[in-house]
Amino acid sequence: MNVFHLAYTVTDLESTRRFYGDLLGCLEGRSSDTWVDFNFFGNQLSLHIGEIIQSSKTNSNVEGISVPMPHFGCVLEWNIFKDLANKLQSHAVKFIIEPSIRFEGFSGEQATMFFEDYSGNSIEFKAYKNPSEVFSK
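Analysis parameters
Each chain has its residues counted from 1, running along the sequence as written. The model is predicted, so local features are restricted to residues of pLDDT at least 70 and side-chain atom pairs to those at 80 or more, both for listing and for counting; the totals for chains, interfaces and linings are taken over all residues. As a rule here, side-chain values come from all non-hydrogen atoms in the structure, and water together with hydrogens is ignored. Side-chain rings of Phe, Tyr and Trp (the six-membered ring for Trp) are treated as a pair once their centres are within 6.5 Å; stacked means planes under 30 degrees apart, edge-to-face means over 60, and tilted covers the remaining angles. A pair is scored as a salt bridge if a Lys or Arg side-chain nitrogen falls within 4 Å of a carboxyl oxygen belonging to Asp or Glu. Secondary structure elements are taken from DSSP: a helix is a run of H or I of four residues or more, a strand is a run of E of two residues or more, and numbering for both begins at the N terminus. Relative accessibility decides the category of a residue: with a 1.4 Å probe and only protein chains considered, values under 20% of the type maximum give buried, values over 50% give exposed, and everything between is partly exposed. We call a set of buried Ala, Val, Leu, Ile, Met, Phe, Trp, Tyr and Cys residues a nonpolar core when their side-chain atoms join them within 4.5 Å. By definition, residues are in contact when any of their heavy atoms lie within 4.5 Å. For cavity detection a 1 Å grid was placed over the protein atoms alone, and a set of points counts as a cavity when a 1.4 Å probe fits there but cannot get out; an open set counts as a pocket when protein lies on both sides within 12 Å along at least five of seven lines, with lining residues being those that have an atom within 4 Å of a point. Grid points are joined across faces, edges and corners, and a volume is the space filled by probe spheres set on the points. Each residue gets one of three labels, nonpolar for Ala, Val, Leu, Ile, Met, Phe, Trp, Tyr, Cys and Pro, charged for Asp, Glu, Lys and Arg, and polar for the others, Gly among them. In this scheme, strands are said to pair when DSSP sees at least two bridges between them. For every element, the axis is a line fit to its C-alpha atoms; helices are fit only across the contacting stretch, and the angle between N-to-C directions ranges from 0 to 180 degrees. N or O atoms within 3.5 Å of each other form a polar contact, as long as, within protein, one can give a hydrogen and the other can take it, and as long as residues adjacent in sequence are counted only when both atoms are side-chain atoms.

So, on to the packing of aromatic side chains. A complete count under the given rule lists twelve aromatic pairs for this structure. In this structure an aromatic cluster arises from ring pairing among Y8, F19, Y20, F38, F40, F41, F72, F95, F115, Y118 and F125.

In structure tokens form, the structure reads like this:
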């Protein structure tokens, strides 16, 4: 089994549980008074109370759109992405980059969206039209 592990900082656990558990539907794992683990779409996300990593101004443009750095996220199946995008829109989540399609009609065509969690961490979810192209050049 290959599971990716990512540890990130959050401002408080109550809002973190609401965002990742209630809104995104991630199952909670182990926790303490200072951190909580989630099953983040099959990966282990450990969120610890601490100083939030600030976004930096970079020239990280994808198809002319500036993407926030740093960010983390997950590659989902196409229909799961669409369902999650609809759920986030229905809950009035403020998007950094609205759900959209990149590289349309080309190899690597993908749906993407960026938003922040309640602590201000930038998150990207994406889905590839053809999943076999996730690592293609």
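From this point, the discussion proceeds with the structure in view.
Under the criterion given, the structure shown has six salt bridges. With its nearest N and O atoms 3.3 Å apart, the salt bridge here joins E14 to R18. Here E14 and its partner R18 are both found in helix α1 (residues 13–23), four residues apart, which amounts to about one turn of the helix. Exposure remark for E14: the relative accessible area of 60% places this residue in the exposed category. For R18, a relative accessible area of 38% translates into the label partly exposed. Put simply, K126 and E124 hold a salt bridge, and the shortest N to O gap is 3.9 Å. Each of the two residues, K126 as well as E124, counts as buried. Bridged by salt links that share partners, the residues R102, E124 and K126 form one connected network.

As a further point, take the nonpolar core. Ranked by size, the top nonpolar core spans 28 residues in total, and within it Y20, L24, F40, L88, M113, F115 and F125 carry the most contacts. Counting residues per element, the ones that place at least two in this core are β1 (5–10), α1, β3 (35–40), β4 (43–49), β7 (72–76), α2 (78–90), β9 (110–116) and β10 (122–128). The residues touching F40, leaving out its near neighbours within four places in the chain, are Y20, L24, C26, L45, F72, G73, C74, I123 and F125.

The next point concerns empty space enclosed by the protein. The final tally for this structure, using the stated rule, is one cavity of 30 Å³ or more. Approximately 40 Å³ is the volume found for the largest cavity. Looking at the lining of the largest cavity, its residues break down into three nonpolar, four polar and no charged.

The four strands are arranged β7-β10-β9-β8 in an open sheet whose pairing can be described as mixed. Of all the strands in the sheet, the pair left with one neighbour each is β7 and β8 (95–102). Direction aside, neighbouring strands of the sheet carry axes that sit 10 degrees apart on average. Strand contacts of α2: β7, β8, β9 and β10, with the helix running at about 35 degrees to β9, the strand carrying the most contacts.

The side chains of a regular strand alternate, residue by residue, between the two faces of the sheet. Across three bridges, the pairing between strand β2 (residues 27–31) and β3 is antiparallel. If you follow S31 over to β3, its bridge partner there is V36. Linking two consecutive strands that pair antiparallel, namely β2 and β3, is a turn of three residues. Relative to β4, β3 runs antiparallel, the two being bridged by six bridges. Of the residues in β4, the one forming a bridge with N39 is Q44. Turn length for the β3-β4 hairpin, with the two strands adjacent in sequence and antiparallel, is two residues, and the turn residue F41 shows positive phi of about 55 degrees.

Taken residue by residue, α1 has L13, S15, T16, F19, Y20 and L23 as its buried positions. The opening residue of α1, the one whose side-chain oxygen lies 3.2 Å from the backbone nitrogen of E14, is D12. The first or second residue beyond α1 is G25, which carries a positive phi of 80 degrees.

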